[in-house]
Amino acid sequence: MKKQTHSGHRKRLRERFLHESVYDHELLELALFYVRPLVNTNSIAHELIEKFKNISGVLNADIDELQTVEGIGLESALYLKILLEGVRRYLDTSQKNEIFTSYAVIEDYFRSYFGNTSSEICVLMTVGASLELLGTVTLTNEQIATGRITRRELVGMLLKNKTYRLIVGVNHAESCTFPKQYDFMTAKMFAEVSEMLGIDFLDFVVCGGGNAYSMHKHGAFSF
């Protein structure tokens, strides 16, 4: 009887997704059907939203953080990270007609890209000769701060993406977006790498809590 009730709930939720709309926790519940086929994923979805606030927070959470939620093991955490990578690649291809005509446009782009996520992320945007978005490379702030990503590796990433101009955005957990010492050091590193490759380094944007601060726009960009 329990199995039939469980099966019926899943069928009803799938039907609602196809023909109506679902809440954030229901969307996560539905997604987890496919990695936890024999488990009630409703309570797991509720706990994910409670802990990480929203869909963006869940998808941007580290794999280790995700596994602190009861019912989320390595496979489920990896599945959620795969979903995030799919979203990023979709945005990457669907937004390639974005033209960065001003620093305000750059701020708006990152404000939308990061949303209200609290994840510590650094995004490199490769920009073409006509200021059009060519692609993005996503790293964690920890990878840069600890030197896990070396300058040589950064050079390789930029060359691989045929970068003509570069814009970098970093997101912090806290909502204050005024640059900290870490941000100035990171911006200086990208400026030096860009100069070495002959790349025009357009801007470094500090984000957090849905806010964005263009260092170039506010005159904090002299390297």
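Heads up: the structure comes first, above all this text.
Residues numbered from 1 in each chain as written. Predicted model: local features only at pLDDT ≥ 70, side-chain atom pairs only at ≥ 80, totals over all residues. Heavy atoms only, no water.

Let's talk about the packing of aromatic side chains
Phase 1 of the analysis: The final tally for this structure, using the stated rule, is 6 aromatic pairs.
Phase 2 of the analysis: Plain terms: the ring middles of Tyr109 and Tyr113 are 5.9 Å apart, the flat faces sit at 25° to each other, and that makes the pair stacked. Note that Tyr109 and Tyr113 are positioned in helix H7 (residues 103–114) at a spacing of 4 residues, about one turn of the helix. Of the two residues, Tyr109 and Tyr113, neither departs from the other in class, the shared state being buried.
Phase 3 of the analysis: Within the aromatic cluster, the residues linked to one another by ring pairs are Phe100, Tyr109, Phe110, Tyr113 and Phe114. (Phe/Tyr/Trp six-rings, centres within 6.5 Å; stacked < 30°, edge-to-face > 60°. Helix = DSSP H or I, 4+ residues; strand = E, 2+ residues; numbered from the N terminus. Buried < 20%, exposed > 50% of the residue type's maximum accessible area, 1.4 Å probe, protein only.)

Considering the environment of Thr68
Phase 1 of the analysis: Mapped onto the fold, Thr68 is located in the loop between helix H5 (63–66) and helix H6 (74–94).
Phase 2 of the analysis: Engagement of the side chain of Thr68 in a polar contact is seen with the backbone oxygen of Glu65, the distance being 2.5 Å. (Polar contact = N/O pair within 3.5 Å; in protein donor to acceptor, adjacent residues only side chain to side chain.)

With respect to the sheet that holds strand S2 (residues 133–140)
Phase 1 of the analysis: Taken together, the 5 strands give an open sheet; going across it, the order is S2-S1-S3-S4-S5, and neighbouring strands pair in mixed fashion. The open sheet is flanked by S2 and strand S5 (211–214), the only strands paired with a single partner. The sheet shows a mean angle of 20° between the axes of neighbouring strands, taken without regard to direction.
Phase 2 of the analysis: Both strand S1 (residues 121–127) and S2 contribute to a ladder of 7 bridges, which runs antiparallel. Bridged to Val127 within S2 is Leu133. (Pairing = 2+ DSSP bridges. Axes fitted to C-alpha atoms, helices over the stretch in contact; angles between N-to-C directions.)

Details of the environment of Ala61
Phase 1 of the analysis: In this structure, Ala61 sits in the loop between helix H4 (55–60) and H5.
Phase 2 of the analysis: Taking the C-alpha atoms as reference points, Ala61 and Ser175, separated by 114 residues in sequence, lie 17 Å from one another.
Phase 3 of the analysis: Excluding its chain neighbours within four sequence positions, the residues that come into contact with Ala61 are Phe52, Leu66, Lys81 and Ser119. (Contact = heavy atoms within 4.5 Å.)

Overview of the packing of helix H2 (residues 24–32) against helix H3 (residues 42–52)
Phase 1 of the analysis: The N-to-C vectors of H2 and H3 enclose an angle of 130°; their axes lie 8 Å apart at closest approach. The orientation of H2 relative to H3 falls into the category oblique. The way H2 lies across H3 gives a crossing that is right-handed. On H3, the residues touching Asp24, His25, Leu28, Glu29 and Leu32 of H2 are Asn42, Ile44, Ala45, His46, Leu48 and Ile49.
Phase 2 of the analysis: Broken down by class, the residue content of the contact of H2 with H3 amounts to 6 nonpolar, 3 polar and 2 charged. (Parallel < 35°, antiparallel > 145°, perpendicular 65-115°, else oblique. Left-handed = near helix turned anticlockwise from the far one by under 90°. Nonpolar A, V, L, I, M, F, W, Y, C, P; charged D, E, K, R; others polar.)

Details of H2
Phase 1 of the analysis: Buried residues dominate H2, accounting for 7 of its 9 residues.
Phase 2 of the analysis: Inspection of H2 places His25, Glu26, Leu28, Glu29, Leu30, Ala31 and Leu32 among the buried residues, and these make up the whole buried set.

What to know about the side chain of His172
Phase 1 of the analysis: Within the secondary structure layout, His172 lies in the loop between strand S3 (165–171) and helix H10 (181–197).
Phase 2 of the analysis: Of the residues examined, His172 reaches a relative accessible area of 6% and is grouped as buried.
Phase 3 of the analysis: Of note is the side chain of His172, whose polar atom sits 3.1 Å from the side chain of Glu120.

A few points about the pattern of salt bridges
Phase 1 of the analysis: By the definition in use, this model includes 8 salt bridges.
Phase 2 of the analysis: Close ionic contact of Lys180 with Glu174 constitutes a salt bridge, the shortest N to O distance being 2.5 Å.
Phase 3 of the analysis: The exposure class assigned to Glu174 is partly exposed, which follows from its relative accessible area of 29%.
Phase 4 of the analysis: In this structure, Glu192 and Lys188 form a salt bridge, with 2.4 Å as the shortest nitrogen-oxygen distance. Placement of the pair is Glu192 and Lys188 together in helix H10, with a separation of 4 residues, close to one helical turn.
Phase 5 of the analysis: You can call Glu192 partly exposed: its relative accessible area is 29%. (Salt bridge = Lys/Arg side-chain N within 4 Å of Asp/Glu carboxyl O.)

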